[in-house]
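Listed below are the residues making up each chain.
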Amino acid sequence: MERIPQQPLPAAPDAVRAGRRMIDSHGRTILDLRISITDRCNFRCVYCMEPDVRFQPADRLLTPSEIVRMAGIAEGLGVRKIRITGGEPTLHPELEAIIAGIRSTTRVEIAMITNGSLLTRSALAGWKRAGLGRVTISIDSVRADRFARVTRSTATPDDVLAGIDACLAEGLTPLKLNAVLVRGVNDDEAVDLAKLARRFGVEMRFIEYMPLDSAHAWDRTLMVPAAETRAAIEQKFALLPTGADDAHSTARTYRFADGAPGTVGFIAPVSSPFCGACSRLRLTADGFVRPCLFSTTEWGLLPLLRNGASDADIERFLIDVTWTKLSGHQISSPTFTQPARPMSAVGG
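What counts, and where the lines are drawn
- Residues numbered from 1 in each chain as written.
- Predicted model: local features only at pLDDT ≥ 70, side-chain atom pairs only at ≥ 80, totals over all residues.
- Heavy atoms only, no water.
- Helix = DSSP H or I, 4+ residues; strand = E, 2+ residues; numbered from the N terminus.
- Rg over C-alpha atoms; globule rule 2.2 N^0.38 Å.
- Buried < 20%, exposed > 50% of the residue type's maximum accessible area, 1.4 Å probe, protein only.
- Contact = heavy atoms within 4.5 Å.
- Areas by Shrake-Rupley, 256 points an atom, 1.4 Å probe, with all protein chains shown as cover.
- Pairing = 2+ DSSP bridges.
- Axes fitted to C-alpha atoms, helices over the stretch in contact; angles between N-to-C directions.
- Core = buried A, V, L, I, M, F, W, Y, C linked by side-chain atoms within 4.5 Å.

## A closer look at the overall build of the protein chain
Tallying secondary structure elements over the protein chain gives 11 helices and 12 strands in all. Rg of the C-alpha trace for the protein chain: 19 Å, near the compact-globule value of 20 Å for 348 residues, within the 12% margin. Referenced to the eigenvectors of the C-alpha coordinate spread, the extents of the protein chain come out at roughly 55 × 50 × 40 Å. Expressed as a percentage of the 348 residues in the protein chain, the buried residues total 54%. Once local pairs closer than 6 in sequence are excluded, the contacts in the protein chain between residues at least 24 apart make up 76%. Element-wise, carbon and sulfur atoms account for 52% of the exposed surface of the protein chain, whose accessible area totals about 14,300 Å².

Below you can see the structure in the form of structure tokens.
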């Protein structure tokens, strides 16, 4: 897999370092750390990963103890939410130990993002006992043939729907569902997917197709704007703003005007960027810190973790990396450069 060249890391101002908070040069504070625990996935979604993508050997990835240590350091710098991502995190053989380790050393909210195809009640019960608070599940189609085309897997929508039922039964809520609509692929399913919110009483979120595919074949004409998706849903169900969106939330959420359970959210990083309120930092499975999902520069953490660096050393490293966070991703700019690594390699 193509690697981003290592860049020299400039130091944040002394006053910022002294504050022991991850604050960027635009005044945004990091509250949410996304930790990818594996680059492996059992799906090859058309908007993410080509079938021939090869995964990294285990010795190049963060160990469970390194992940737990980073969660503790991040909490000390002000992080309040840890999102466990992949690849597909449920493929990690030590997922429960990772969750338990984070819970035993921190008080952060622990959530997980998954494709939902491998969820069982017994596994979910174990993860909840270990400290998992809630789950977000991706589902891009409710039609078996379409689902197979999008995910390029042997899983089915019924597998994911069973996972949704299992999460609700185990109380891993509030449960959120994510869908990416691609024009000409599944863009006619907005209403059917919105019905899942009403069926399960959860939030169904629609995420615009982003330039994060391993083939670098993203084309803006294939992106379905959030406004178009909302309009399609409103032909069937009238929507009203919930008025409950957090200032740092990526989604704008709506309730059903007829009083049905569930909500619908729209995440529009392409047509309506929300970079100005971003409070997120990402740690990749192979130990690189990315200030932005679209970063073309990232910084390696493994040398510090594996060569005796103190927690204070790693704190300064994270503060310095955060200071480099750009004001926005500039997808609409003619000079925009797609990151070398796809979503599956860097976490969502």
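From this point, the narrative continues.
## Topic: the sheet that holds strand S10 (residues 280-283)
The strand order S7-S8-S9-S6-S5-S4-S3-S2-S1-S10-S11-S12 describes an open sheet built from 12 strands, whose pairing is mixed. Two strands in the sheet have a free side with no partner beyond their single neighbour: strand S7 (239-241) and strand S12 (299-300). Relative to strand S3 (residues 109-114), strand S2 (residues 81-85) is paired through four bridges, and the arrangement is parallel. Across the sheet, residue Ile 82 finds its bridge partner in S3, namely Ile 110. Of the strands in this sheet, strand S4 (134-138) and strand S5 (176-181) are in contact with helix H6 (residues 157-169), which crosses S4 at around 165°.

## Regarding the nonpolar core
Residues Ile 102, Phe 206 and Leu 318 are the most contacted members of the largest nonpolar core, which totals 105 residues. The biggest single contributor to this core is helix H7 (residues 190-200), with seven residues. Look past the residues within four positions of Ile 102 in its chain and what remains in contact with it is Ile 67, Val 68, Ala 71, Ile 82, Ile 84, Val 108 and Ile 110.

## Digging into unusual backbone geometry
Note on backbone geometry: most residues besides glycine have negative phi, and most peptide bonds are trans. Here Gly 86 and Gly 87 are connected by a cis peptide whose omega angle stands at 10°. Within the fold, Gly 87 resides in the loop between S2 and helix H3 (95-105). If you check the backbone angles, Arg 20 has positive phi at about 50° while not being a glycine. Locating Arg 20 in the fold gives a position in the loop between helix H1 (14-19) and strand S1 (32-36). We note that Arg 152 has phi near 50°; this positive angle belongs to a residue other than glycine. Of note, Arg 152 is situated in the loop between helix H5 (144-151) and H6.

All we've got here are geometric facts, nothing functional implied.
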